[in-house]
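A structural walkthrough
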Amino acid sequence: MSKSAMIRVRVQQSVKDEAEAVLNELGISPSDAVRIFYKQIVLQHGLPFGVLIPNERTQKTIDDAMAGRNLVTYDSTEAIFRDMGIELDPEKVACARESLRSDSTEMSRK
């Protein structure tokens, strides 16, 4: 198929530079990336990712988080689950921890 149509796009230089650095790591040219993007639009009959306008509550939460306001921190994942009222099986937690340790040890050997 002949590639004769052309598009031009203006973006901030910093966005272009950062995007092209990522594409370079992936071994994809900017033109290839745009062709992939357009093909996905065609295949999915829309954008290949969700584009949503946050509601008021979500936007306030995002703004607060970006400003470092109203943040809650936890010392462990177990504490997060406890705060949400989710009871964890201690035996399964121990098993998962052991699995993560062995995976981590295996990866460090490679």
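Going by the structure above, here's the rest.
Computed from a prediction, not measured in an experiment: that's the story for all the values here. (Residues numbered from 1 in each chain as written. Predicted model: local features only at pLDDT ≥ 70, side-chain atom pairs only at ≥ 80, totals over all residues. Heavy atoms only, no water.)

Structurally, Lys16 can be placed in helix α1 (residues 13-26). Assessed through its relative accessible area of 35%, Lys16 is described here as partly exposed. In sequence terms Lys16 and Pro30 are 14 residues apart; their C-alpha atoms lie 9.4 Å from each other. (Helix = DSSP H or I, 4+ residues; strand = E, 2+ residues; numbered from the N terminus. Buried < 20%, exposed > 50% of the residue type's maximum accessible area, 1.4 Å probe, protein only.)

Let's shift gears to α1. Compared with an ideal rise of 1.5 Å per residue, which puts 14 residues at 20 Å, α1 spans 20 Å between its outermost C-alpha atoms and is within 8% of the ideal. Immediately beyond the C-terminal end of α1, within one or two residues, lies Gly27, with a positive phi of roughly 75 degrees. (Expected span 1.5 Å × (residues − 1).)

Attention now goes to the environment of Ile62. Note on placement: Ile62 falls in helix α3 (residues 56-67). You can call Ile62 partly exposed: its relative accessible area is 38%. In this structure the C-alpha to C-alpha distance between Ile62 and Glu18, which are 44 residues apart in sequence, comes to 23 Å.

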